[in-house]
Amino acid sequence: MTNELTIGLLALALVGCGPQHPSTEQNQQIDSLEDYRPAYHFSPKNGWMNDPNGLVYLNGTYHLFFQHNPDDTKWGPMHWGHATSTDLLHWEEQEIALFPDSLGTIFSGSAVIDKDNTAGFGANALVAIYTNHSHEIEDQKTGLHQTQSIAYSLDQGKTWTKYDGNPVLPNPGIWDFRDPKVMWHTETKQWIMTLATKQSITFYGSKNLIEWERLSEFGEGIGAHGGVWECPDLLPFSTAEGEKWVLLVSINPGGPNTGSATQYFVGDFDGKTFTTTQNDIRWMDYGPDNYAGVTFSNTGDRKLLIGWMSNWEYANDVPASTWRSGNTIVRELGLAKEGDKWLLTSTPAPEIDKVSEITTKSKSVELANEADLSDAIASLQNTFDASFTLKKATGFQVTLSNEEGETLVFGYDAAKQQYFIDRSKAGDANFSDKFIHRPVAPRLIQGDGLDIRFLLDRNSIELFADGGKSNMSALFFTKKPFTKLQIAADEANTLDAFKVKALYIGF
């Protein structure tokens with residue numbers, strides 16, 4: 001291989017383009033963040049956070065509720081924290097929505113708009129459906145400690161009233177009986193609850209959100225069963241071949257790179273039973289740090305998902321100060337046919353493009369060995385969105401580094417047909433022996449050409465490859481931002497449409 005490198009700039013119209021470099025004020029704002037706190041992903045001001053809950057869109061506002069321990073930076077008595085956004089990017093934390101009560105702490109669940117007042121709380125009431133977890137009953141080892149309850153809000157989530165008749169779904173004797181995700185099924189004119197029940201999913205139906213009937217169960221002998229099934233979600237998609245349904249199921253442990261991950265099944269749902277002909281295991285995100293993701297309700301045909309950006313293998317041990325854990329960027333889900341398979345696609349919600357500022361115009365780079373593109377990210381303090389394509393599906397690696405010698409490397413191993421992220425030298429990587437250093441993801445499509453998009457936010461990377469068919473999310477813990485970026489290829493290749501957008505969403 002030769003070391004010659006030719007770089008040519010392609011013309012690119014930049015309508016409404018922002019400044020070429022961040023301002024001094026923006027840099028100072030990022031510098032003032034606590035160590036490891038993301039700049040544009042949501043994180044709580046104080047305390048612990050895990051699963052997103054009750055995601056719902058109402059009157060122009062997106063509501064994010066979340067598992068929250070306000071009194072400690074480790075998992076503890078669960079509340080529902082609350083944050084709101086009008087654009088999926090700027091999040092404002094609100095007062096805690098749901099507190100523990102006599103039935104227990106408040107575990108994961110969902111929220112719906114009861115447009116037709118089926119529950120009798122009022123037209124367009126915001127209704128939360130959640131798991132009560134009684135630690136006292138758990139200690140009795142009866143298996144009856146998790147039940148499903150509801151609460152409602154008539155002021156768009158500001159205040160909540162718990163239903164007097166809780167729980168609305170008592171426990172039939174299943175130790176893991178939790179995480180209700182509720183949707184309205186128009187064809188059968190009923191609410192459908194998708195509930196995690198040990199290592200299966202049980203579907204319940206209701207006309208009024210209060211009285212529930214068991215419909216069916218799914219999961220035996222199919223999918224990954226390395227750990228308990230959690231945080232399910234049932235989603236319809238319109239395709240050229242008619243309606244398809246996707247069932248998301250988070251699993252812990254048993255993910256493809258150890259610990260927590262989310263699998264999915266593509267099939268059909270008739271209002272009672274979910275069926276699939278799928279006989280392989282498919283993962284929504286192969287990275288170690290995307291778990292318990294669920295979608296917003298009341299968004300029409302759009303499927304918008306947020307995941308918890310951590311892993312139960314080490315979530316309580318990651319470096320932190322007054323807070324612990326953040327979320328993934330909001331992602332839009334789709335279905336794409338690849339051969340005889342339907343693949344779930346996941347890409348950053350397009351709202352991100354409305355606030356990002358293009359700092360590096362599109363470049364075409366002839367890669368004979370390695371290209372230094374450090375000027376594109378040197379001043380962005382790990383808060384950017386970058387993308388490029390390679391004309392040939394050959395091996396490559398992107399190396400991000402700083403003056404401390406810390407490096408984050410990601411790329412594609414053509415021989416193994418795997419994408420990878422190597423965070424072994426990206427700051428503190430030894431706080432837990434479960435913190436996997438080099439997660440991998442298979443390439444799920446064939447053919448020449450690779451398209452890559454990656455978002456960095458202080459101490460996380462979200463990698464989207466092949467139109468969001470192979471995705472990886474990973475944390476890392478550097479205290480200094482990366483100022484250098486090199487792209488190397490295993491053989492001669494052309495890197496096209498390389499561009500970088502600065503993101504200052506948090507400010």
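Residues numbered from 1 in each chain as written. Predicted model: local features only at pLDDT ≥ 70, side-chain atom pairs only at ≥ 80, totals over all residues. Heavy atoms only, no water.

This is how the line gets drawn: UniProt positions are given in the numbering used here, feature names are shortened, and annotations may be inferred rather than shown by experiment.
You'll find the chain entered in an unreviewed UniProt entry as Glycoside hydrolase family 32 protein, with Sphingobacterium phlebotomi given as the organism. Per UniProt, the comment on the chain under Sequence similarities (unreviewed entry) is "Belongs to the glycosyl hydrolase 32 family."

**Quick look at the UniProt feature "domain: Glycosyl hydrolase family 32 N-terminal" (unreviewed entry) in the chain**
Which entries qualify depends on this criterion: Numbered from the N terminus, helices here are DSSP runs of H or I no shorter than four residues, and strands are runs of E no shorter than two.
In this numbering, the UniProt entry assigns the feature "domain: Glycosyl hydrolase family 32 N-terminal" (unreviewed entry) to residues 41-341. With 2% helix and 49% strand, the stretch residues 41-341 has end C-alpha atoms that lie 32 Å from each other.

**Some words on the UniProt feature "domain: Glycosyl hydrolase family 32 C-terminal" (unreviewed entry) in the chain**
Mapped onto this numbering, the UniProt entry annotates "domain: Glycosyl hydrolase family 32 C-terminal" (unreviewed entry) at residues 359-499. Secondary structure across residues 359-499 divides into 0% helix and 52% strand, with the first and last C-alpha atoms of the span separated by 8 Å.

**Observations regarding the pairing of strand β32 (residues 460-465)**
Keep this limit in mind: Note on exposure labels: buried denotes an accessible area under 20% of the residue type's maximum, exposed denotes more than 50%, and partly exposed covers the range between, all computed with a 1.4 Å probe on protein chains only. Should DSSP find at least two bridges between two strands, the strands are taken to pair.
Taking burial as the measure, the six residues of β32 include six buried ones, the bulk of the element. Both faces of β32 are covered, namely the face carrying S460, E462 and F464 and the face carrying I461, L463 and A465. Pairing of strand β31 (residues 450-457) with β32, which is carried by five bridges, proceeds in the antiparallel orientation. Paired with L455 across the two strands is E462, which belongs to β32.

**Structural notes on the domain arrangement of the chain**
As a reminder of what qualifies: Bear in mind that the domain bounds are from an automatic or database domain assignment. It only takes one pair of heavy atoms within 4.5 Å for two residues to be counted as in contact. Throughout, buried area stands for the accessible area (probe radius 1.4 Å) lost by two parts on being put together, summed over both. The salt bridge criterion pairs a side-chain nitrogen of Lys or Arg with a carboxyl oxygen of Asp or Glu, the two atoms within 4 Å. Counting of polar contacts relies on pairs of N or O atoms within 3.5 Å, with two restrictions inside protein: one atom must be capable of donating a hydrogen and the other of accepting it, and residues adjacent in sequence are counted only when both atoms are side-chain atoms. In this classification, the charged set is Asp, Glu, Lys and Arg, the nonpolar set is Ala, Val, Leu, Ile, Met, Phe, Trp, Tyr, Cys and Pro, and all remaining amino acids, among them Gly, are polar.
In terms of domains, the chain is made up of domain 1 (47-350) and domain 2 (355-503). Taking only C-alpha atoms into account, the centre of domain 1 sits 31 Å from that of domain 2. Tallying the contact residues gives 29 residues for domain 1 and 30 residues for domain 2. Summed over both sides, the interface between domain 1 and domain 2 buries roughly 2400 Å², with carbon and sulfur atoms accounting for 64% of that surface. At the surface where domain 1 touches domain 2, the tally comes to three salt bridges. In this structure, the salt-bridge partner of K434 is E313, at a minimum N-O distance of 3.7 Å. Across the domain 1-domain 2 interface, the total number found is 12 residue pairs in polar contact (both at pLDDT 80 or more). At the level of elements, β22 (331-338) and β23 (341-348) are the ones that each hand at least two residues to the side of domain 1 that touches domain 2. Here the side of domain 1 that touches domain 2 takes six residues from β23, the largest share from any one element. Its residues assigned to classes, the side of domain 1 that touches domain 2 shows 13 nonpolar, 10 polar and six charged.

**Examining the environment of Q446**
The residue Q446 is located in the loop between β30 (440-442) and β31 in this model. Considering only alpha carbons, one finds Q446 and F384, 62 residues apart in sequence, at a separation of 29 Å. Residues in contact with Q446, not counting those within four places in the same chain, are E338 and Q417.

**Examining the sheet that holds strand β8 (residues 146-153)**
Strands sit in the order β6-β7-β8-β9 across an open sheet of four strands; the sheet is antiparallel. The open sheet has two edge strands with one neighbour each: β6 (105-114) and β9 (161-162). Bridge analysis of strand β7 (residues 125-133) against β8 gives eight bridges, and the strand direction is antiparallel. Bridging from a neighbouring strand, N132 pairs with T147 of β8.

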